[in-house]
Structures are given as structure tokens and as C-alpha cells.
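# Chain and residue survey
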Amino acid sequence: GQQLNQSPQSMFIQEGEDVSMNCTSSSIFNTWLWYKQEPGEGPVLLIALYKAGELTSNGRLTAQFGITRKDSFLNISASIPSDVGIYFCAGQPDMDSNYQLIWGAGTKLIIKP
Amino acid sequence: DGGITQSPKYLFRKEGQNVTLSCEQNLNHDAMYWYRQDPGQGLRLIYYSQIVNDFQKGDIAEGYSVSREKKESFPLTVTSAQKNPTAFYLCVSSLGLSLPQPQHFGDGTRLSIL
């Protein structure tokens, strides 16, 4: 099946640093979604992107829908301890069936003490 | 408060046993989904349902079964045919199948083998 390549797998950062992660696909996507998951909980939607080139912010988070429609990135500025968690990208492929999201494997964010 | 509730939070299965994971929503959503999450992997779709009494297989339906007798409820049964059931299971609901629709996640059920 289709896959998303999400990188990096994990990040160790200092509090206050900026963070960047991205997802790429071999095929075109219509929608990109970014979620955050904390241990023992379901993912929570952070940002949704619906148009190529779209740049959307949610507080310290900014995400962009790549012009080629095959990639998306998420930036977190001035990271704080509560940013710790696993960040997932998910995308809707450009095909007839419009129900299915394809998920990346996640980026685990860890803040160095 | 409206929401989506999964139970139990932790579940243990013996060899050869079927177990059922509960998912209930009071959001009046038509569409419901079950995903499986394994460490280091993205979510994979098991089954989804667009409407009562209708459901479709996802990518990894083998060894699982579902029912949708009521709009609010979409239980998932992990059968003995599922040889590697240990995973985190997430139930999701949304207004409809078409994106963009906000997807509401439950808090998950962690299933382990005894």
C-alpha cells in the first residue's frame, strides 16, 4: 500500500530550540494533517492543510503543504517541555476513494533536561 | 460533553480467545473507524463504517470483525485468527467519510497476549 516517509524518527532538543520535521510521499496527496500523540492517548489534530502551498499556523506550530503535493513539513518554534510527544503526519491520497488516511511512522520529540 | 469513549484501556487475551474492544460516541457522527498502532509505525486501518449496518474492510482486516448495529457503537472483535494481536487500538469517528472532516480519536485500548 501507499506509505509516507516521515523524518526524523526521533529528535533530542534543548528547550527553546526550533524543531522541524517532514513527510514525503511518492504520490500526490489532497490533504495533509499533523497530529500529536501523548502516551496512552489518541492523537490530537494540530493542523490541517487542504491546498498546495498552504502555510498554516497554530500558536508556535507552523505547517506547510508542499507545492508538489508530495510533501509537508511541521515546524515548532521555541520548544517547551510540554511539546514532548510523538508527532504524526497523515495524508489523503489523490484517488477516487476519499475515506482513507495514510499515516507516517511518527517523529518522537524528546527534550534534553 | 460529547466525545468518543473506548474501553477497556488495557486488555489481555489468552491464546485461542476472542476479545471485543468497545467504542462508543455521542457526537452523532456517521463514520467510525478502527486503527491499529504498532511501535515505530503509522496507524493502519482495520475496518471502517459509513453508516449503521454497513462496514468495509481496511488494509489489515484479517483476524478482526466488527458490527455497526447502532450509530453510536462500533465494537471491534479480535479473533483467535489474529496471530499477532498485541498493539494499541484506536477508534475514530467523523461526521462523514469525506475529508476534510475533523476526526475524533478515542484514547485507545492496549491489547496484550497473556
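So, a few notes on the structure that sits alongside this text. (Residues numbered from 1 in each chain as written. Chains lettered and ligands numbered in written order. Predicted model: local features only at pLDDT ≥ 70, side-chain atom pairs only at ≥ 80, totals over all residues. Heavy atoms only, no water.)

## What about the overall build of chain B?
To keep it simple, the criterion reads: The helix count covers DSSP runs of H or I at least four residues long, the strand count covers runs of E at least two residues long, and both are numbered beginning at the N terminus. The globule rule used here is 2.2 Å times the number of residues to the 0.38 power, and the radius of gyration it is set against is calculated over C-alpha atoms. Only protein chains enter the area calculation, which uses a 1.4 Å probe; residues under 20% of their type maximum are buried, those over 50% are exposed, and those in between are partly exposed. Note on definitions: a residue-residue contact is assigned when non-hydrogen atoms from the two residues lie within 4.5 Å. Methods summary: accessible areas were calculated by the Shrake-Rupley approach with a probe of 1.4 Å, and residue burial reflects only the protein chains presented. By the counting rule applied here, Lys and Arg register as positive and Asp and Glu as negative, while His and the ends of each chain are not counted. A charge is said to be at NZ when it belongs to Lys, at CZ for Arg, at CG for Asp and at CD for Glu.
Tallying secondary structure elements over chain B gives zero helices and 11 strands in all. Along chain B, helices and strands appear, N-terminal first, in the series β-β-β-β-β-β-β-β-β-β-β. In summary, chain B has a C-alpha radius of gyration of 13 Å against a globular reference of 13 Å for 114 residues, a match within 12%. In terms of overall dimensions, chain B has C-alpha extents of about 35 × 25 × 25 Å along its principal axes. Evaluated residue by residue, chain B yields a buried proportion of 49% over its 114 residues. Excluding contacts between residues fewer than 6 apart, the proportion of contacts in chain B whose partners are at least 24 apart in sequence is 53%. Carbon and sulfur atoms make up 47% of the accessible area of chain B, which totals about 5500 Å². If you average the places of the 11 positive and of the 11 negative side-chain charges in chain B, the two averages end up 7 Å apart.

## Concerning the interface of chain B and chain A
Counted only if it meets this: The buried area of a pairing is the accessible area, by a 1.4 Å probe, that goes missing from both parts when the two are put together, added over both. The rule for a salt bridge is simple: a side-chain nitrogen of Lys or Arg has to be within 4 Å of a carboxyl oxygen of Asp or Glu. Polar contacts, as used here, are pairs of N or O atoms within 3.5 Å; protein pairs need one atom able to donate a hydrogen and one able to accept it. Residues neighboring in sequence count only if both atoms are side-chain atoms. By the convention adopted, Pro, Cys, Tyr, Trp, Phe, Met, Ile, Leu, Val and Ala count as nonpolar, Lys, Arg, Asp and Glu as charged, and the other residues, Gly among them, as polar.
The interface of chain B with chain A comprises 21 residues on the first partner and 16 residues on the second. Counting the surface lost from both chain B and chain A, the interface buries some 1600 Å², and carbon and sulfur atoms represent 58% of this. Between the two partners, chain B and chain A, sit zero salt bridges. The interface formed by chain B and chain A holds two residue pairs in polar contact (both at pLDDT 80 or more) in total. Elements with a minimum of two residues in the side of chain B that touches chain A: strand S4 (31-37), strand S5 (44-51) and strand S9 (87-94) of chain B. In terms of residue count, S4 of chain B provides more of the side of chain B that touches chain A than any other element does, three residues in total. For the side of chain B that touches chain A, the class distribution of residues is 11 nonpolar, seven polar and three charged.

## Points about unusual backbone geometry
Residues Ser7 of chain A and Pro8 of chain A are joined by a peptide bond in cis, for which omega reads -5°. In this structure, Asn28 of chain B is a non-glycine residue whose phi angle is positive, near 60°. Mapping Asn28 of chain B onto the fold places it in the loop between strand S3 (19-25) and S4. Taking relative accessible area as the criterion, Asn28 of chain B reaches 54% and is therefore assigned exposed. Positive phi, normally seen in glycine, also occurs at Asn53 of chain B, with a value near 70°.

## Points about the side chain of Thr107 of chain A
The topology assignment puts Thr107 of chain A in strand S11 (residues 107-111). The contact partners of Thr107 of chain A, leaving out residues within four places of it in the chain, are Gln6, Ser7, Pro8, Gln9, Met11, Met21, Gly85, Ile86 and Tyr87 of chain A.

## Re the state of the cysteines
Convention followed: In plain terms, two cysteine sulfur atoms within 2.5 Å form what is called a disulfide here.
With the rule as written, the count across this model stands at two disulfides over all chains. Here Cys23 of chain A connects covalently by a disulfide to Cys89 of chain A, the sulfurs 1.7 Å from one another. Between Cys23 of chain A and Cys89 of chain A the sulfur-sulfur dihedral comes to about -80°; the bridge is accordingly left-handed. One end of the pair, Cys23 of chain A, is in strand S3 (residues 19-25); the other, Cys89 of chain A, is in strand S9 (residues 85-93), with 66 residues separating them in the sequence. Disulfide pairing is shown between Cys23 of chain B and Cys91 of chain B; the S-S distance is 1.9 Å. For the disulfide bridge between Cys23 of chain B and Cys91 of chain B, the dihedral angle about the S-S bond is near -80°, and by the sign convention the bridge is left-handed. In this pair, Cys23 of chain B is assigned in strand S3 and Cys91 of chain B in strand S9, connecting sequence segments 68 residues apart. There is no split in this pair, since Cys23 of chain B and Cys91 of chain B are both buried.

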